[in-house]
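Residue strings, one per chain:
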Amino acid sequence: MSFILWLLGTSYQNNLVLALSYLLISLIVVAIFHTYANLAGLEIKVLGGKPAFVGEKAYFSLQVEGWRAKGYDNIIIRWWHGEDGCFDFAAKQTTQIQVGVETHKRGILQPGKLLIESVYPLGIIRCWTWLNLDASTVIFPKPLKVDFPAQLSTANDSEQGEQFADGDDFSGLREYRAGDPVKHIAWKHYAREQGLYSKEYASSRSHDNCLDWDKFSHLHVEERLRALCYWALQFEGLQKAYGLRLPGKQIPPALGDGHRLSVLSALACFDINQSDV
């Protein structure tokens, strides 16, 4: 358009048309520098990723810092296969943002390259860059609601039994651990300033709450993992100690956020080749 206006202004010796042509060319040149300046100097650091279930968005925390005195406006950030997110960053301040990506399968998710681009201020010039960041998180199987199978423990398991922390008989006190049920806290000892303890209850019982791979043999491999994931969440919500038994891996019964993360991570990273089914 600027070139056509310049030709018309030169051919017909029209100064107004020439002035408009030069103005448009000047705007393009100025927009190049402003668009680049709106992106230059940004520092991006990955703080970590939040685990998610298949089908949900997995969000990664990014720390953004820039030295530009005027700040940064309308910065578009997205992962390789993620959705665009538009952010503004204040001048010389550290900001934390969440950038999500869709999940389609369980396991360790590496979102790939991170796109950072800007078309500010006029939208006619685009400045962008791709960053290779070391980012990953774990994607859990999507829970599948199924009935808990009948007890399939061996005869030795039934005879010996095992001590679980969700029985009815009081067995003693132990130091409080993060994730212990509030109802099990020994408040009387805490009120006497004797420290924070949790009550332990035990009962001799078989592996009713053991999430055993073999108990779900009527399901396909991925459905087994989803069913085990569902019951792990159920037992955690009911505050019943539970363990996990997979081919080549076993996690003893326990409760708490750390135990739940260990169980779900084991299900997410399970190698299908380890199973004979």
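Residues numbered from 1 in each chain as written. Predicted model: local features only at pLDDT ≥ 70, side-chain atom pairs only at ≥ 80, totals over all residues. Heavy atoms only, no water.

Student: Just checking my understanding: could you explain the sheet that holds strand 16 (residues 242–246) for this structure?
Tutor: In any sheet, the strands associate via hydrogen bonds between backbone groups, in a parallel or an antiparallel arrangement. The three strands lie next to each other as 15-16-17, forming an open sheet whose pairing is mixed. Each edge of the open sheet is held by one strand with a lone partner, namely strand 15 (210–212) and strand 17 (249–254). Averaged over all adjacent pairs, the angle separating strand axes in this sheet is 10°, with direction ignored. Two strands pair when backbone bridges link them, and strand 16 and strand 17 are joined in this way by four bridges, in the antiparallel orientation. By the bridge assignment, Leu246 is partnered in strand 17 with Lys249. (Pairing = 2+ DSSP bridges. Helix = DSSP H or I, 4+ residues; strand = E, 2+ residues; numbered from the N terminus. Axes fitted to C-alpha atoms, helices over the stretch in contact; angles between N-to-C directions.)

Student: Quick question: what am I supposed to make of the sheet that holds strand 2 (residues 52–53) here?
Tutor: Ordered in space as 2-10-7, the three strands form an open sheet in which the pairing is mixed. What marks the edges here is a single partner per strand, and that holds for strand 2 and strand 7 (107–109). Strand direction decides the pairing type here: strand 7 and strand 10 (residues 137–140), joined by three bridges, are antiparallel. Residue pairing in the sheet places Leu109 in a bridge with Thr137 of strand 10. In the packing of helix 6 (residues 257–268) onto the sheet, the strands contacted are strand 2, strand 7 and strand 10, and the crossing angle to strand 10 comes to about 80°. (Contact = heavy atoms within 4.5 Å.)

Student: Got a minute to help me understand the packing of aromatic side chains in this structure?
Tutor: Centre distance and the angle of the planes are the two values used to describe a pair of aromatic rings. Going through the model one piece at a time under the given rule, you end up with 11 aromatic pairs. Relative to Trp231, the ring of Phe148 lies with its centre 5.1 Å away and its plane at 75°, an arrangement referred to as edge-to-face. Taken as a pair, Phe148 in the loop between strand 10 and helix 3 (155–160) and Trp231 in helix 5 (residues 221–237) lie far apart in primary sequence, 83 residues in all. Judged by its relative accessible area of 25%, Phe148 is partly exposed. On the basis of an interplanar angle of 40° and a centroid distance of 4.8 Å, the ring pair of Trp213 and Phe270 is categorised as tilted. Linking Trp213 in the loop between strand 15 and helix 5 with Phe270 in the segment after helix 6, this pair joins segments that are 57 residues apart in sequence. Given a relative accessible area of 3%, Trp213 falls into the buried group. (Phe/Tyr/Trp six-rings, centres within 6.5 Å; stacked < 30°, edge-to-face > 60°. Buried < 20%, exposed > 50% of the residue type's maximum accessible area, 1.4 Å probe, protein only.)

Student: What am I meant to see in the nonpolar core here?
Tutor: A general trend in soluble globular proteins is that nonpolar side chains are found buried together. Membership of the largest hydrophobic core comes to 27 residues, with the highest contact counts inside it found for Leu211, Leu228, Leu244, Leu246 and Leu267. Where this core is concerned, the elements lending two or more residues are strand 10, helix 5, strand 16 and helix 6. Top element by residues in this core is helix 5. It accounts for nine residues. In contact with Leu211, not counting residues within four places along its chain, are Phe148, Leu228, Trp231, Ala232, Phe235, Tyr242, Gly243, Leu244 and Arg245. (Core = buried A, V, L, I, M, F, W, Y, C linked by side-chain atoms within 4.5 Å.)

Student: Looking at this structure, I do not really get the environment of Leu246. What am I missing?
Tutor: Structurally, Leu246 is set in strand 16. Judged by relative accessible area, Leu246 falls into the buried class, the value being 7%. Taking C-alpha positions, Leu246 is 8.6 Å from Ala266, a pair spaced 20 residues apart along the chain. When neighbours within four sequence positions are excluded, Leu246 is seen to be in contact with Trp213, Leu228, Ala266, Leu267 and Phe270.

Student: What am I meant to see in the confidence of the model for the protein chain here?
Tutor: The predicted structure's coordinates, where accompanied by low pLDDT, should not be read in detail. Mean pLDDT over the protein chain stands at 81; residues scoring 70 or higher make up 86%. Low confidence marks residues 152–167, where pLDDT is under 50. Its contacts with residues over four positions away, or in another chain, come to 38 contacts. Segment residues 203–207 is flagged for pLDDT under 50; beyond a separation of four residues in sequence, or across chains, it makes 23 contacts in the model. (pLDDT = per-residue confidence, 0-100.)

Student: Can you help me understand the pairing of strand 3 (residues 57–65) in this one?
Tutor: Looking along a regular strand, one sees the side chains alternate between the two faces of the sheet. Of the strand pairs in this sheet, strand 1 (residues 43–49) and strand 3 are connected by six bridges, and their pairing is antiparallel. Looking across to strand 3, one finds that Ile44 is bridged to Val64. Here nine bridges tie strand 3 to strand 6 (residues 94–102), and the two strands are oriented antiparallel to one another. In the strand pairing of strand 6, Lys57 is matched with Glu102.

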